[in-house]
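# Breakdown of the fold
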Amino acid sequence: MIWLYFVLSYLIGNVMFGYLVTKAMYRKDIRLHGSGNVGARNAGRLHGKKAFVATFLGDALKGAAVILIARSIHFSEPIQLLGLGMAILGHIKPAVLKFKGGKGISTFIGGMICFEPLLIPVILLAFFALYPFIKSFTIAGLGAFLAIPVFLFFKQYNGITCLIELAITGVVLLAHSENIKERLNNRGQ
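The rules we used
- Residues numbered from 1 in each chain as written.
- Predicted model: local features only at pLDDT ≥ 70, side-chain atom pairs only at ≥ 80, totals over all residues.
- Heavy atoms only, no water.
- Core = buried A, V, L, I, M, F, W, Y, C linked by side-chain atoms within 4.5 Å.
- Buried < 20%, exposed > 50% of the residue type's maximum accessible area, 1.4 Å probe, protein only.
- Helix = DSSP H or I, 4+ residues; strand = E, 2+ residues; numbered from the N terminus.
- Contact = heavy atoms within 4.5 Å.
- Patch = residues over 30% accessible without salt bridge, like charges linked within 9 Å, V, L, I, M, F, W, Y side chains within 5 Å.
- Areas by Shrake-Rupley, 256 points an atom, 1.4 Å probe, with all protein chains shown as cover.
- Salt bridge = Lys/Arg side-chain N within 4 Å of Asp/Glu carboxyl O.
- Axes fitted to C-alpha atoms, helices over the stretch in contact; angles between N-to-C directions.
- Parallel < 35°, antiparallel > 145°, perpendicular 65-115°, else oblique.
- Left-handed = near helix turned anticlockwise from the far one by under 90°.
- Nonpolar A, V, L, I, M, F, W, Y, C, P; charged D, E, K, R; others polar.
- Polar contact = N/O pair within 3.5 Å; in protein donor to acceptor, adjacent residues only side chain to side chain.
- 1 Å grid on protein atoms, 1.4 Å probe; cavity = no way out; pocket = protein on both sides within 12 Å on 5 of 7 lines; lining within 4 Å.
- Points joined across faces, edges and corners; volume = space filled by probe spheres on them.

## Concerning the nonpolar core
Counting residues in each nonpolar core, the largest one holds 28 residues, and the members touching the most others are Phe108, Met112 and Ile148. Those elements that place two or more of their residues in this core are α4 (49-72), α5 (77-92), α6 (105-115), α7 (119-134), α8 (137-144), α9 (147-154) and α10 (159-175). Other than its neighbours up to four places away in sequence, Phe108 contacts Leu84, Ile88, Phe145, Ile148, Glu165, Ile168, Thr169 and Val172.

So, in structure tokens, the structure goes:
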């Protein structure tokens, strides 16, 4: 049953809302425009707020759906997070789009907030604490995610849950490594 859940989670991650929204609303293949990324950011850059919001919410709901499915089956918290990790992997490396997907942020946020709703103020506080020093929306946002495993640890989640969450955060940061390098290089000039 757990393996079936992991496969289902990966397949849910393969539902690419950036691709679907731009195809349905604008009759375009998002992969051929802008950065070529199928995530909310590229959709928003190309088609405005409506495309950004629709893509973000769709991708966030994938993460939330995976957590809710696991909870309905009474899977443990580590299994729930591993399922979220599979959905994020499905978003970043979707088989349906030749393994070229998004960066996983929306799916990550949706899943983590569904997993622990108190993370909303934690992420916001961490972002607003980092932004004045970093002056980069992207790096402050990604840096804020590092507060999540710390919060889970202090909220007395078990160590395995915290480690799995830290690994998922690492995957999301790795997916953004090019963006991070670019931002850091621009700051150094």
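## Quick notes on a nonpolar patch on the surface
Taken together, Met1, Leu4 and Ile73 make up a surface patch of nonpolar side chains, about 330 Å² in accessible area. With respect to the helices, strands and loops of the structure, Ile73 is situated in the loop between α4 and α5.

## A word on the packing of helix α2 (residues 17-26) against α4
As a packed pair, α2 and α4 sit with axes 9 Å apart at the nearest point and diverge in direction by 140°. In terms of orientation, α2 lies oblique with respect to α4. For α2 against α4, the interelement crossing comes out right-handed. Residues Phe17, Gly18, Val21, Met25 and Tyr26 of α2 lie in contact with α4, whose contacting residues are Lys50, Ala51, Ala54, Thr55, Gly58, Asp59 and Lys62. Across the contact of α2 with α4, the residue classes tally to 6 nonpolar, 3 polar and 3 charged.

## Some details on α2
Buried within α2 we find Gly18, Tyr19, Val21 and Thr22. Those residues of α2 that are buried lie in contact with α3 (40-47) and α4. Backbone geometry just downstream of α2 places Arg27 in the positive-phi region, at approximately 55°.

## Regarding the pattern of salt bridges
A full pass over the atoms with the stated rule returns 3 salt bridges. One salt bridge in this structure joins Asp29 and Arg31, with 2.8 Å as the shortest N-O distance. With a closest N to O distance of 3.2 Å, Glu116 and Lys155 form a salt bridge. On the criterion of sequence distance, the pair formed by Glu116 in the loop between α6 and α7 and Lys155 in the loop between α9 and α10 is long-range, its members being 39 residues apart. Using a relative accessible area of 37% as the deciding quantity, one classes Lys155 as partly exposed.

## Topic: the side chain of Thr55
Relative to the helices and strands, Thr55 resides in helix α4. For Thr55, a relative accessible area of 0% puts it in the buried group. For Thr55, the side chain forms a polar contact with the main-chain oxygen of Ala51, separated by 2.8 Å. Ignoring anything within four residues of it in the chain, the contact list for Thr55 reads Phe17, Gly18, Val21, Val38, Gly39, Ala40 and Ala43.

## Thoughts on the layout of surface pockets
There is about 920 Å³ of room inside the largest pocket. Contributing to the lining of the largest pocket are 32 residues, with Arg41, Ile105, Ile109, Phe137 and His176 lying nearest its centre. Elements supplying a minimum of two residues to the lining of the largest pocket: α3, α4, α6, α7, α8 and α11 (177-188). There is about 220 Å³ of room inside the second largest pocket. In terms of residue count, the dominant contributor to the lining of the second largest pocket is α10 (3 residues). Class assignment of the residues belonging to the lining of the second largest pocket gives a composition of 5 nonpolar, 3 polar and 3 charged.

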